[in-house]
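Below are the chains, spelled out letter by letter.
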Amino acid sequence: MRSKVYFIPWRGNHEEMAGRLAEHLALNKPPFLNSQAKIGIKVHWGEPGNVTFLPADYARAVAQTVLKGGAKAFIFDTTTLYRGERRDPVDNLFTAHKHGFDYSGTGAPAVVADGMMGLDIVEISVPGEPKRQKKVKVSSVVDYANGVITVSHFKGHLASGFGGVIKNISMGMASRATKQVMHAEVKPEFKASKCNSCGICGEHCPVDAIKMDCDYPSIDMELCIGCAECIAICPSGAYRILWNSTPEAFLEKLVETAAAVNSRMAGRMMHVQILASIAPECDCMGHKMEPLVDDIGILIGDDVLAVDVAACDLFNRVKPLESAEIEGGKGDYIIQLYPDVPYRHQFEYAEFLGLGSMDYELIEIQ
C-alpha cells in the first residue's frame, strides 16, 4: 500500500507557510493528540552563526495546534558531539532561546531531551535483522512522550548526502554514546596543499585531537571521534572525509537508530518536513550558506521513509539557483553535492528494516 504524503506548495513566507501547516494539522490531527497527552516537538534550533536553520514559526504552529487540542506541548532537541554552544545543555538552551524556540516564541517550553548530564536515555532494540547495531541508546522521550511530531529541515549533509526526517529522529534523538558509534565511520583526511594554517580546526575539535605542528595541523586519530567538525569548519577545504570503512556503514547505523526510535514509538509519531532555505550543509554548521534552490514547500506524513523519499524527489525536480553548487540537467543534485555518498542506500536499508515505504502518493494541498 502506498504511503500518503501531503504537500503544501510554497507561497509567501515562513510565517504564512506555518499558518497553512497549522490549518492542515487542525483538520488532520494525529491520532495520539488526546487531551492531557504530552506531545514532544522535535526540532533543530540552529547553530549560532547559521542563518538557514528553520525559524521558530513552524514549531510555534505545531505547538499551538497541540495546545488547542487540550494536550501539553514541549519543544526538544539533544546535545551534540562537536564543540559549540549546543554541546553543553545549558548553552544549548540559551541557543534555543536566542533563536526564538522558548515559551515566549512558541508557547511551549524548550527541553534538552538527553538531560543535563546527557544521561536521560534508554536502550532500545533495532527491529528486523540489523547489520551493525542490535540495540541503541536514545533520549528517554521515546517512552515519556505520548506522541512526537518532528519538524525537520531538508538540506544537504556531508556524511549522509542530505538531512531530513531519518536523520532528525536518529542523530537528533540519539545519546552522545550512540552518536559517537554512528560517527565512528567518519574520519578526516588532511591536504596540506590547501591549508592556510589558520588553526580553526584545532580550536573547534571537541577532544583536542588536532594540534598545530609548525605550520600545519596534525591529527591524533586515536583521539578523533569522527564528529566531522574540522571538515565542516575548515575555510580552505583542506579536509575531506576519509571513511573508516565505507559510507554505507554510516548510513546503515543512521537508519538503524531511526528504525529503533520508529519501532519504539509506533503509532505515536507524525512528521513535518520543510523544504525551504535548502543549504548544501547541515544546520549544525555555524556559518552562513546560500540556498541551492527556491523554496519548495512542506511535506506531512506518518511514514518516515516516504516523507524523506518525497523530499528528495521534489528537490531533484526544481531548477537550481544560479549561485548554487549544482547544475540542472547534470543528474541527481545530492549526488552532485556529495558524489562519494550513495545516499539512496539508506532508503533501501530503511525499507529492509521496516522503517517505511519508498512507494508514496503525493497529495497536494492548495
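Up top is the structure.
The notes below deal with the structure included here. As the structure is a computational prediction, the values presented were derived from the model and not from experiment.

1. Description of the overall build of the protein
Then step 1. The number of helices and strands found in the protein is 13 helices and 16 strands.
Then step 2. For 366 residues, the compact-globule estimate of 2.2 N^0.38 gives 21 Å, and the protein sits close to it at 19 Å.
Then step 3. Referenced to the eigenvectors of the C-alpha coordinate spread, the extents of the protein come out at roughly 60 × 50 × 45 Å.
Then step 4. Taking all 366 residues of the protein together, 58% fall into the buried category.
Then step 5. Taking all contacts inside the protein whose residues are at least 6 apart in sequence as the whole, residues at least 24 apart take part in 76%.
Then step 6. Approximately 14800 Å² of the protein is accessible, and the part contributed by carbon and sulfur atoms is 50%.

2. Some words on the environment of Thr80
Then step 1. In this structure, Thr80 sits in the loop between β3 (72-77) and α3 (89-98).
Then step 2. Residue Thr80 is classed as buried on the basis of its relative accessible area, which comes to 5%.
Then step 3. Separated by 96 residues in the primary sequence, Thr80 and Arg176 have C-alpha atoms spaced 7.0 Å apart.
Then step 4. Dropping the residues within four chain positions of it, Thr80 is found in contact with Arg86, Arg87 and Arg176.
Then step 5. A polar contact of 3.5 Å, which involves the side chain of Thr80, links it to the backbone nitrogen of Arg87.

3. Observations concerning the sheet that holds strand β1 (residues 3-9)
Then step 1. Taken in spatial order, the eight strands line up as β4-β3-β2-β7-β14-β15-β1-β16 in an open sheet, and their pairing is mixed. Two strands close off the open sheet at either side, each with one partner strand: β4 (110-112) and β16 (360-364). Strand-to-strand twist in this sheet, taken as the mean axis angle between neighbours without regard to direction, amounts to 25 degrees.
Then step 2. Pairing between β1 and strand β15 (residues 297-301): four bridges, direction antiparallel. Across the sheet, Ile8 pairs through a bridge with Ile298, a residue of β15.

4. Some thoughts on empty space enclosed by the protein
Then step 1. This model, assessed by the stated rule, comprises three cavities of 30 Å³ or more.
Then step 2. Estimated volume of the largest cavity: approximately 500 Å³.
Then step 3. Forming the boundary of the largest cavity are 39 residues, of which His44, Lys167, Met171, Cys282 and Cys284 lie nearest the centre.
Then step 4. Secondary-structure elements contributing two or more residues to the lining of the largest cavity are α2 (57-68), β7 (147-153), β8 (155-157), α6 (165-170), α7 (176-183) and α9 (229-233).
Then step 5. Broken down by element, the lining of the largest cavity gets its largest block of residues, three residues, from β7.
Then step 6. Its residues assigned to classes, the lining of the largest cavity shows 20 nonpolar, 11 polar and eight charged.
Then step 7. Within this model, the second largest cavity holds a volume of roughly 90 Å³.
Then step 8. Of the residues belonging to the lining of the second largest cavity, the class tally is 12 nonpolar, two polar and one charged.

5. Description of helix α1 (residues 14-27)
Then step 1. Here α1 spans 20 Å end to end across 14 residues, near enough to the 20 Å set by a 1.5 Å rise per residue.
Then step 2. Along α1, the residues classified as buried are Met17, Ala18, Arg20, Leu21, His24 and Leu25. The arc that holds the buried residues of α1, viewed along the axis, is 160 degrees, so those residues lie on one side. Facing away from the buried side of α1, by more than 90 degrees, are the exposed residues Glu15, Glu23 and Leu27.
Then step 3. Against β1, α2, β14 (269-275) and β15 lie the buried residues of α1.
Then step 4. The N-terminus of α1 is capped by Asn13, whose side-chain oxygen sits 3.2 Å from the backbone nitrogen of Glu15.

About the thresholds
Along each chain, residues carry numbers from 1 onward, in the same order as the chain's sequence is written. For this predicted model, a pLDDT threshold of at least 70 governs which residues receive local features, and a threshold of 80 or more governs which side-chain atom pairs are given and counted, while totals over whole chains, interfaces and linings are taken from all residues. Excluded from the side-chain calculation are hydrogens and water; included are all heavy atoms of the structure. In this text, helices come from DSSP runs of H or I with a minimum length of four residues, and strands from runs of E with a minimum of two, each type numbered from the N-terminal end. Our radius of gyration is a C-alpha quantity, and the globule rule it is checked against amounts to 2.2 Å times the number of residues to the power 0.38. Between buried and exposed lies partly exposed: a residue is buried under 20% and exposed over 50% of the maximum accessible area for its type, with that area taken using a 1.4 Å probe on protein chains only. Should any heavy atoms of two residues lie within 4.5 Å, those residues are considered in contact. In this description, accessible areas are obtained by the Shrake-Rupley approach with a 1.4 Å probe, and a residue is regarded as covered only by the protein chains that are shown. Whenever a nitrogen or oxygen atom comes within 3.5 Å of another N or O atom, the pair is scored as a polar contact, on the condition that within protein one atom can donate a hydrogen and the other can accept it, and that pairs from neighbouring residues in sequence are kept only if both atoms are in side chains. Pairing between strands is defined by DSSP: at least two bridges between them are needed. Every angle, taken between N-to-C directions, lies between 0 and 180 degrees, and every axis is a line fitted to C-alpha atoms, over only the stretch in contact when it is a helix. Of the grid points, spaced at 1 Å and generated over the protein atoms alone, those admitting a 1.4 Å probe that cannot get out make up cavities, while open sets with protein on both sides within 12 Å along at least five of seven lines make up pockets; any residue with an atom within 4 Å of a point is treated as lining. Grid points are joined across faces, edges and corners, and a volume is the space filled by probe spheres set on the points. Gly is put with the polar residues, along with every residue not named as nonpolar or charged; the nonpolar set is Ala, Val, Leu, Ile, Met, Phe, Trp, Tyr, Cys and Pro, and the charged set is Asp, Glu, Lys and Arg. Helices are assigned an expected span. That span is 1.5 Å times one less than the residue count. As used here, the arc belongs to the directions running from the helix axis to the C-beta atoms.

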